[in-house]
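Single-letter residue listing:
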Amino acid sequence: MTKKGWLYWLFFLALFAAPFYLTEFRLSLLGKFLCFAMIAIGISLIWGYTGILSLGHGVYFGLGAYCMAMYLKLESSHGRLPDFMEWSGVHQLPWFWKPFEHPLVAISSAIIIPVLLAAFLSYFTFKNRIKGVYFSLLSQAVVVVFVTLFIGKQEWTGGTNGLTNFSTVFGFPLSSPFTQIILYWITVCLLLLIFLFSRWLTVSRFGRVLVAIRDGENRVRFLGFNPTTYKVFVYSLSAAFAALAGIMFVLQVGLISPAMMGIIPSIEMVLWVAVGGRSSLIGAVIGAIVTNSAKSFFSENYPDIWLLFLGGLFIGVVMFLPNGLAGVYQSFKQRKGQREGKTHEAGSHVSRSVGGF
Amino acid sequence: MSVVITQVFNGFSLGSILLFVAIGLAVTFGLMGVINMAHGELIMVGAYMTYVVQQIFAKYAPQSMGYYFFIAIPVAFFVSALLGWGLEKILIRHLYHRPLDSLLATWGVSLILQQIARTIFGAPNVAVLPPEWLDGGVRIAGVVFPYKRLFILVFVILSIFALYIYLTKTPAGRRIRAVTLNRDMASCLGISTRKVDAYAFAIGSGFAGLAGCALTLLGPIGPTIGTYYIVDAFMVVILGGVGKLIGTVLGAFGIGLVSTLMEYSTSATMAKVMMFALIIAFLQWKPSGLVSVKTRSLD
Amino acid sequence: MHKLKWKTFKLLTLLLYGGVFALSGCAASSAVDEMKEKTKETNTSETGDTVKVGILHSLSGTMAISEVSLRDAELMAIEEINESGGLLGKKIEPVVEDGASDWPTFAEKAKKLLQKDKVVAIFGGWTSASRKAMLPVVEQNNGLLWYPVQYEGMESSPNIFYTGATTNQQIVPAVSWLLENRGKKFFLLGSDYVFPRTANKIIKAQLRAEGGQLVGEEYTPLGHTDYSTIISKIKEMKPDVVFNTLNGDSNVAFFKQLKDAGITAKDVTVMSVSIAEEEIRGIGGDVLAGHLAVWNYFQSTDTPENKVFVEKYKKKYGKDRVTDDPIEAAYFAVHLWAEAVKKAGSFDVDKVKKAADGIEYKAPGGTVKIDGETQHTWKIVRIGEIQPNGQFKELWNSGKAIKPDPYLKSYPWAKDLN
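Chain C is annotated in an unreviewed UniProt entry as Urea-binding protein from Parageobacillus thermantarcticus.

Within the UniProt record for chain B, the comment given under Sequence similarities (unreviewed entry) is "Belongs to the binding-protein-dependent transport system permease family. LivHM subfamily." UniProt's Subcellular location (unreviewed entry) comment on chain B is quoted here verbatim: "Cell membrane".

See the structure below:
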């Protein structure tokens, strides 16, 4: 095993060991951030590698979370009607809620529904060659549609309150530290799997086609590839990651509401990736953790003015770190390399990718 | 019958409001290609400026309160324009070749502006009392047409007309169009693209300020009002098609009429859902919007 | 290429470690804290001569409009208690957090306050959604939440005290009063979220039972700003009363546009449940004059306690500030909690809860009393007419405090509601 492999494992080992050196509260925060890191990997795949900026990933995250939450809600209601339905005047469980009594149905539909939606939307959008800014704004419109719908259909979705107050998952109490630690470890494992899979994907031929699409979609088309297929696949894949993150999020936080699939969270997701470095997978993971830690830190210490810091972070990253934290290190290494007269490969695609698309 | 007339009028009125919030964006996004997420906050600045002018009048010239609005209009325009100009100079200038990055940076700007507004004016809403001569409405055939809505309709038509004249008839406006059509060529012909960019962005921002001023007549004035309008404004511009003002006009009135119609027959929530779904579907069919600039370029 | 990436990764890993350390809140001290925490059974922060309480409202985002003043009122009450010598010999130290108008943030911050700061009580929340988000957290951690805003009822958590009105202290008496004094035809208008929908369900049941007539029911998305279509529907239906449960900013747009459409309070009475003095300030008294609102307290309420309270609040936060019902409820929540602590002789949550039953406090709006069974408060109901100067003129009050009944058990027509 190379030195490189070692450090990768060390990084994930540090995450694994977190329950031993973090307090319960901080661990729950880290667990949440790792869910966000999953989304960040997906966004890095579509934005950093393929050049698609989606401002609608909150929807896929939310749908995954809602599917899981429906199961949890039914389990904690013990065969009775969920509380919010009672006070919304529903007397019988709606038919589409029924299958969610089974955990397997809930978990599989939590992945399948967002993926199908992503595939459906992206197929038409990419086939019609809508790209760049237009795609971003359209994905934002999708967010508006879903958020308004979920708020409006209170009798089915719990409205603005969303779904909350769960007690158990598969019979284990959600509030016990033991369950929380197990859930945390599952999150780390999933993150590791997603990371390894994405890495394998990006270094493969497939990944190179993605980068080629980002840098010159029409040339790729002229070479005989069909960019639409590639884009639809990678977009759906990132939706699947977001959905998976949604499942783990709802298990650890115990709450999902339309506010979390809204426009603001969706834009924040992109910010995490921008901070970490859009075309570096590990950068995305670290971006998600660092940005959210900073947000928690600032809002705890400066509750009145923390928005200024957050806004400043957005501007600062875009202005000075176009390739995020990963990019800083890149250019640092490159300059050092030049000074020492070493010959480098002209930089990976990371450093060439000023501009995203 | 009177219901039909009222609803059609309401549709035009909503359209005029949407058009107002979108005109500035038609310049900064439609012509210049900058995704300015802080556009909503420039609207907010315009609204607060109206409030400030009102407060100054109430304190120093209470006898001429009826006319404060005429001062508020230019003040809102110029303060927003100045802010936009500064924004362009400091931030946007570096991001012309990275449109998606401009989206993130301006989002950051919008957070900061909201927080600043909250610090200066306090978190609660402030009240702007419209001038008395705008109270009430005309009654024709049993239908009341409120003066304020008529005023906004006329105001927006005048604004768009002025913008059109500026862009097509004046040398400065023509320079803006030249730069947005072909930056390199314009630069070769001796146009200072830097100056033109800053001007164009300032004008777009100024119109956002005007929108804010007009919106005080109908809506709330608080630190977060920008967020209510920003997505709608973008939808208007992309539905209308970028690069042509007439597209924005059609997009705004189209959305206004269709959504009031749907709201009347269903509910406000469903109308919003269906409206956005329709826009998404329409753009699948016509990706470049209602009116587009014909081009042969592929990328 | 790989080589470069790899080095990036090393640096980022280092950075991450930095982040993790920052997270653990200065690792060294937290390790010690943790040991302490794990050995300590009672989860309070009664160390030394201060005791911590949490204040958790939205200081940013759309809800900041309303919630910032609640924080101010709570801080003022805490200051008062500290000035008069503190509580059980300790000074109260408020820990202020921002819920950012975002429900998961409320859950996160509540957890932080309870687990990290070990606060003995949290004062916070405005929207139902934020309360629902905090509810499992305070229940699991056996915390104590004081929720100061009128809400839709149908809830009584063992770890929450509700100092705002429940439905039978606000909506139900208002509907009865309207049926008697203003007419039978009701039009229900609300923002599309939980409180209006639940409130309207109750109103509809009450109208059926008491002989009212429902002519329309409309909901608009949160943040909706164009009411022209709704107003034409109102014009068409010609109701006697519009019962308005719109939230926040939408009220501004609705009332401004209603006035423009030529509808005044003389034509249709609008009864609001979310418009208090603070909101009137952002709409303009002229626009609202003549319309009604139902609350438990007005700034104009004539009690000696209120005179002192209003004067103090204005002196502390500015001449142009106003007080209103949620501000008052937030203010006396702190005092009620203090009374309960004094009676219990301890900050322990279970003891305070037990002691709270029947505690009375002379609040600015009249004497309030905690109902031990539901953990709500007994309150006087008041209906007021908005004056052009932004104040209320009281038209009616219930005379004595009304017993809270969150599940409306004492109303036969409400049987089918749960």
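The discussion continues.
1. Regarding a nonpolar patch on the surface
Judged by side-chain polarity, F297, Y302, I305, L308 and F309 of chain A together with I116 and I120 of chain B come together as a nonpolar surface patch covering roughly 610 Å² of accessible area. Only α15 (306–320) of chain A together with α4 (99–121) of chain B provide two or more residues apiece to the nonpolar patch. Within the secondary structure, I305 of chain A is located in the loop between α14 (281–301) and α15. Given a relative accessible area of 36%, I305 of chain A falls into the partly exposed group.

2. A short note on the packing of aromatic side chains
For the structure shown, the criterion picks out 57 aromatic pairs over all chains. With centroids separated by 6.1 Å and ring planes inclined at 70 degrees, the aromatic side chains of F225 of chain A and Y230 of chain A adopt a geometry described as edge-to-face. Centroid distance Y302 of chain A to F309 of chain A: 5.4 Å. Interplanar angle 35 degrees. Geometry classified as tilted. We classify F309 of chain A as partly exposed; its relative accessible area is 33%. Through a chain of ring-to-ring contacts, three or more aromatic side chains come together here, namely F20, Y68, F69, F70, W133, F151 and F155 of chain B. In this arrangement the basic side chain of R183 of chain B is found over the ring face of Y96 of chain B, its NZ or CZ atom lying 5.0 Å from the centre. Its end group placed over the ring of Y147 of chain C, R131 of chain C keeps NZ or CZ at 4.8 Å from the ring centre.

3. So, the pattern of salt bridges
In the structure shown here, the tally under the stated rule is 34 salt bridges over all chains. Salt-bridge contacts for K112 of chain C lead to E97 of chain C; the nearest nitrogen and oxygen are separated by 2.5 Å. In this pair, K112 of chain C sits in helix α4 (residues 103–115) while E97 of chain C sits in strand β2 (residues 91–98), placing the two residues 15 residues apart along the sequence. Each of the two residues, K112 of chain C as well as E97 of chain C, counts as buried. Of the charged contacts in the structure, one is a salt bridge between K307 of chain C and D302 of chain C, with a shortest N-O distance of 3.7 Å. In terms of burial, K307 of chain C and D302 of chain C fall into one category: exposed. When salt bridges with common partners are traced through the structure, they connect K32 of chain A together with E97, E108, K109, K112 and D117 of chain C into a single cluster.

4. Re the interface of chain C and chain B
If you look at the interface, chain C gives 38 residues, while chain B gives 38 residues. Regarding the contact of chain C and chain B, the summed buried area is about 3000 Å², with carbon and sulfur atoms giving 52% of it. Of all residues in chain C, T229, K256 and D260 of chain C bury the most surface against chain B, accounting for 20% of the area lost on that side. Applying the counting criterion to the chain C and chain B interface returns three salt bridges. Across the pair K259 of chain C and D135 of chain B runs a salt bridge whose closest N-O atoms are separated by 3.9 Å. At the level of secondary structure, the elements contributing two or more residues to the side of chain C that touches chain B comprise α3 (64–83), β7 (213–220), α8 (228–237), α9 (249–260), α10 (277–283) and α11 (285–288) of chain C. In terms of residue class, the side of chain C that touches chain B is built from 12 nonpolar, 13 polar and 13 charged.

5. Some points on the side chain of T374 of chain C
Position of T374 of chain C relative to the elements: it lies in the loop between β12 (366–371) and β13 (376–378). With residues near it in sequence (within four places) discarded, T374 of chain C still touches S156, Y162, P404 and P406 of chain C.

6. What to know about the domain arrangement of chain C
Residues and elements named next belong to chain C. Segmenting chain C into domains produces domain 1 (50–165 + 303–378) and domain 2 (168–302 + 382–414). For domain 1 and domain 2, the distance between their C-alpha centroids amounts to 26 Å. With 38 residues of domain 1 in contact, the opposing surface of domain 2 contributes 31 residues. Taken together, both faces of the contact between domain 1 and domain 2 bury some 2900 Å²; the carbon and sulfur share is 54%. Taken together, domain 1 and domain 2 are joined by two salt bridges. At the junction of domain 1 with domain 2, the criterion picks out 16 residue pairs in polar contact (both at pLDDT 80 or more). Contributing elements (two or more residues each) for the side of domain 1 that touches domain 2: α3, α12 (304–317), α13 (325–344) and β13. Per-element tally for the side of domain 1 that touches domain 2: the top contributor is α12, with five residues.

Conventions and cut-offs
- Residues numbered from 1 in each chain as written.
- Chains lettered and ligands numbered in written order.
- Predicted model: local features only at pLDDT ≥ 70, side-chain atom pairs only at ≥ 80, totals over all residues.
- Heavy atoms only, no water.
- UniProt positions renumbered as here; feature names shortened; annotations may be inferred.
- Patch = residues over 30% accessible without salt bridge, like charges linked within 9 Å, V, L, I, M, F, W, Y side chains within 5 Å.
- Areas by Shrake-Rupley, 256 points an atom, 1.4 Å probe, with all protein chains shown as cover.
- Salt bridge = Lys/Arg side-chain N within 4 Å of Asp/Glu carboxyl O.
- Helix = DSSP H or I, 4+ residues; strand = E, 2+ residues; numbered from the N terminus.
- Buried < 20%, exposed > 50% of the residue type's maximum accessible area, 1.4 Å probe, protein only.
- Phe/Tyr/Trp six-rings, centres within 6.5 Å; stacked < 30°, edge-to-face > 60°.
- Lys NZ or Arg CZ within 6 Å of the ring centre and 35° of its normal.
- Contact = heavy atoms within 4.5 Å.
- Buried area = accessible area lost by both parts, 1.4 Å probe.
- Nonpolar A, V, L, I, M, F, W, Y, C, P; charged D, E, K, R; others polar.
- Domains from an automatic or database assignment.
- Polar contact = N/O pair within 3.5 Å; in protein donor to acceptor, adjacent residues only side chain to side chain.

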